[in-house]
Amino acid sequence: MRPLALLVAATALGARAPVALGQSTHLLALESASPATTPDPVSALALQGWAGLWVNPAADPRATGALAGLERNGFGGVRTLLAQAAFRAGPRWSVAVAQSTVGDLFDPDLLAQDPTLNELRATALTAAADAAVGLGESLGMSAGLRLDRDELLGKNRQAWIARMGGAAELPLGVRLGGTMERAVGGNAGAKGTGRIRAALARSWSRGPLVATLGAGAEAGGVWRATKDYRAASASFAVELARTLTLGASLGRERDLYSARDWAGRSAFWVGVGARRVRVQLRVASQPGEAGSVLGAAAAITR
């Protein structure tokens, strides 16, 4: 059995792991996944456009369009597909779906001995729908519901997550964004007290250059096993003539995957835009032994 399969199997059997019984590390990782158009899942909470829409639908309640993204983890062959659509039907609605799959769970020799292992899968799915409204020019609010599903070696779990978001324009051009999430039903694990995220962002422009700095923090967890989770990150991006974007982010989080209390993470991205279309590539390092992630995404703005 491959190394990642050993981890998945241990979690499925209820071995000592940093997750609640019945919920895999796979699903926990998918909860914080984001398309390559999002610089960082925490520091992007206050960013407008596709940079912040995935993590906070209230960040830009007037944005509409669609995006699609793909990620691949260098450790274990985890593949993640992400898609989002934003449209107006009364309020501005945002529908987002992400699914990740672990490939090559078992060695070929083991599959030859027991072909029934081919029927076992390790997949996780999240699907969310949020309604957002803009209150004047400086305030946005959103509310929605997310479904989490986890299929882990024949065991299936699901949960419903209620979430709210907000964003506001502060003096001196500073933007504030934040979200709250809490499990309200399902059987994916023991419920926690909820998760809170908040971030600030500020942009400066000089001729064709626009520089944006974001910083945010996260505390708590949707599940009881992650109630002590903490994270903080900062990102910086430079955009040239609304065409080329270069950026990087650095952060630290309370590591739930190894013996260390805290672990660092980083990401670097480059994006190219033309009129209403934007394509972005992102390389991110993950904490512990999770490896690096290469992601690509394309977005169309209406």
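Residues numbered from 1 in each chain as written. Predicted model: local features only at pLDDT ≥ 70, side-chain atom pairs only at ≥ 80, totals over all residues. Heavy atoms only, no water.

We now examine the environment of G65. On the secondary structure map, G65 appears in strand β1 (residues 65-73). Remark: the alpha-carbon pair of G65 and R302, spanning 237 residues in sequence, is separated by 5.0 Å. Setting aside anything within four residues of it in sequence, one finds G65 in contact with W50, Q84, A85, A86, I300, T301 and R302. (Helix = DSSP H or I, 4+ residues; strand = E, 2+ residues; numbered from the N terminus. Contact = heavy atoms within 4.5 Å.)

With that out of the way, let us pick up the nonpolar core. In this structure, L30, L47, W54, V55 and A98 are the most contacted members of the largest nonpolar core, which totals 15 residues. Elements with a contribution of two residues or more to this core: β3 (92-102) and β8 (191-206). Excluding residues within four positions of it along the chain, L30 makes contact with T80, A98, Q99, S100, A124, L125 and T126. (Core = buried A, V, L, I, M, F, W, Y, C linked by side-chain atoms within 4.5 Å. Buried < 20%, exposed > 50% of the residue type's maximum accessible area, 1.4 Å probe, protein only.)

Before going further, it helps to spend a moment on empty space enclosed by the protein. A full pass over the atoms with the stated rule returns 1 cavity of 30 Å³ or more. One number sums up the size of the largest cavity: a volume of about 250 Å³. Residue lining of the largest cavity: 24 residues in total, with E31, W54, R146, R163 and E181 positioned closest to the centre. Residue assignment for the lining of the largest cavity shows that the elements contributing at least two residues are α2 (25-31), β3, β4 (122-135), β5 (139-152), β6 (155-169), β7 (174-186) and β8. Looking at the lining of the largest cavity, the element that brings in the most residues is β4, giving 4 residues. Split into classes, the residues belonging to the lining of the largest cavity amount to 12 nonpolar, 5 polar and 7 charged. (1 Å grid on protein atoms, 1.4 Å probe; cavity = no way out; pocket = protein on both sides within 12 Å on 5 of 7 lines; lining within 4 Å. Points joined across faces, edges and corners; volume = space filled by probe spheres on them. Nonpolar A, V, L, I, M, F, W, Y, C, P; charged D, E, K, R; others polar.)

Function cannot be inferred from these measures alone, as they are strictly geometric.
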